[in-house]
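Residue strings, one per chain:
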Amino acid sequence: MLELSTGGRVRVQLRPDKAPNHVERIKTLTRKGFYNGLIFHRVIEGFMAQGGDPEGTGQGGSDLPDLKAEFNDLLHVRGVTSMARSNDPDSANSQFFIMLMPTFRLDNRYTAFGRVLTGMAYVDAMPRGEPPAEPGRILRAWIEGDGEPAAVAPPPPAPAIMPLPLKAPAGTRRPGN
């Protein structure tokens, strides 16, 4: 389950019968809290939304080793979740993408491991871009069978701003000094 900054929850059915190692990786990282707070760094209209990179650049991954591809018969249709990788088919790690529209050229080239069951509208609402100017984010992720984790705490309030004295004490540096 993903709770997104676009206002709702996305329920993803994982398919260990099709990609057991990739599903296990997603579960392991999710249980560690790895995905909490990460952005969708690449969202392309009519194609897909990609996240799961701790660097937010498309270059990062977890500290776990890359995975060997598990190509299968799941088609890359709207809502399918699949692992991102480099040119090396055996380089998937933590990044994943959710299909916004069918793109069959990805079939048997990327490891599909699940499909969105509910909440696709919240994926559709992700800001577009590579990267988006203000990227959408995963507020929290969890495995539904484990039970729902505690709600994400809101950030602490900003400290009160103290007014500057009209005349700065001697030796104080201010912009323009």
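Per chain, residues are indexed from 1 in the order of the written sequence. Reporting of local features is limited, given that this is a predicted model, to residues whose pLDDT is at least 70; pairs of side-chain atoms are given and counted only at 80 or more, and all residues count toward the totals for whole chains, interfaces and linings. The side-chain quantities take in all heavy atoms of the structure and omit both hydrogens and water.

**As for the overall build of the protein**
Here is step 1: The helix and strand labels rest on DSSP assignments: H or I over at least four residues marks a helix, E over at least two residues marks a strand, and numbering proceeds from the N terminus. Across its full length, the protein holds two helices and eight strands.
Here is step 2: Reading the helices (α) and strands (β) of the protein from amino to carboxyl end gives β-β-α-β-β-β-β-β-α-β.
Here is step 3: The classification of residues rests on relative accessible area computed with a 1.4 Å probe and restricted to protein chains. Under 20% of the type maximum is buried, over 50% is exposed, and intermediate values are partly exposed. Relative to its full complement of 177 residues, the protein shows a buried share of 41%.
Here is step 4: Accessibility throughout is a Shrake-Rupley quantity obtained with a 1.4 Å probe, and a residue counts as covered only by protein chains that appear here. For the protein, the accessible area works out to roughly 10000 Å², and carbon and sulfur atoms hold 55% of it.

**Considerations on the nonpolar core**
Here is step 1: Nonpolar cores are built from buried Ala, Val, Leu, Ile, Met, Phe, Trp, Tyr and Cys residues. Side-chain atoms within 4.5 Å join them into one set. In terms of nonpolar packing, the biggest core is built from 25 residues, with Leu 2, Leu 4, Tyr 35, Phe 40, Phe 96, Val 123 and Ile 138 touching the most fellow members.
Here is step 2: Elements with a minimum of two residues in this core: strand E1 (2–4), strand E2 (9–14), helix H1 (20–31), strand E3 (40–44), strand E6 (96–99), strand E7 (112–118), helix H2 (120–124) and strand E8 (138–141).
Here is step 3: Per element, the largest residue contribution to this core is three residues, and it comes from H1.
Here is step 4: Those residues in contact with Val 123 that sit more than four places away from it in its chain are Leu 4, Val 10, Ala 49, Ile 98, Leu 100 and Arg 128.
Here is step 5: Membership of the second largest hydrophobic core comes to eleven residues, among which are Val 80, Met 99, Leu 106 and Ala 112. Throughout, a residue-residue contact means that at least one pair of heavy atoms, one from each residue, lies within 4.5 Å.

**Topic: empty space enclosed by the protein**
Here is step 1: The pocket and cavity definitions rest on a 1 Å grid over protein atoms only: a 1.4 Å probe that fits but cannot leave marks a cavity, an open set with protein on both sides within 12 Å along at least five of seven lines marks a pocket, and residues lining either have an atom within 4 Å of a point. Grid points are joined across faces, edges and corners, and a volume is the space filled by probe spheres set on the points. Summed over all chains, the structure comprises one cavity of 30 Å³ or more.
Here is step 2: Considering the residues around the largest cavity, the lining is formed by His 22, Leu 67, Lys 68, Ala 69, Phe 71, Met 83, Arg 85, Pro 89, Ala 92, Arg 109, Tyr 110 and Thr 111.
Here is step 3: We call Asp, Glu, Lys and Arg charged. Ala, Val, Leu, Ile, Met, Phe, Trp, Tyr, Cys and Pro are nonpolar, and the rest, Gly among them, are polar. For the lining of the largest cavity, the per-class residue count stands at seven nonpolar, two polar and three charged.

**Notes on the sheet that holds E8**
Here is step 1: A strand pair is defined by DSSP finding two or more bridges across the two strands. Read across the sheet, eight strands follow the order E3-E4-E6-E5-E7-E2-E1-E8 without closing on themselves; strand pairing throughout is antiparallel. Only two strands of the sheet have a single partner each, and these edge strands are E3 and E8. If you compare each strand with its neighbour and ignore which way they point, the axes differ by 25° on average.
Here is step 2: Sheet analysis places E1 next to E8, joined by three bridges and oriented antiparallel. Note on E8: the bridge partner recorded for Leu 2 is Ala 141. Fitted lines through C-alpha atoms give the axes, limited to the stretch in contact for helices. The angle between two N-to-C directions lies from 0 to 180 degrees.

**Quick look at the side chain of His 22**
Here is step 1: Of note, His 22 is situated in helix H1.
Here is step 2: Among the residues examined, His 22 registers a relative accessible area of 0% and is labelled buried.
Here is step 3: With residues up to four places along the chain from it excluded, the contact list for His 22 reads Leu 67, Lys 68, Ala 69, Glu 70, Met 83, Ala 92, Thr 111 and Phe 113.

**Let's talk about the pattern of salt bridges**
Here is step 1: In what follows, salt bridge is the name for a side-chain nitrogen of Lys or Arg lying within 4 Å of a carboxyl oxygen of Asp or Glu. This structure, assessed with the given rule, holds nine salt bridges.
Here is step 2: A salt bridge links Arg 140 to Glu 3; its shortest N-O distance comes to 2.4 Å. Within this pair, whereas Arg 140 is found in strand E8, its partner Glu 3 is found in strand E1, the two being separated by 137 residues in sequence.
Here is step 3: Salt-bridge contacts for Glu 144 lead to Arg 11; the nearest nitrogen and oxygen are separated by 2.8 Å. Placement of Glu 144 in the segment after E8 and of Arg 11 in strand E2 is noted, with a sequence separation of 133 residues between them.
Here is step 4: Exposure remark for Glu 144: the relative accessible area of 41% places this residue in the partly exposed category.
Here is step 5: The partly exposed category is assigned to Arg 11, whose relative accessible area is 34%.

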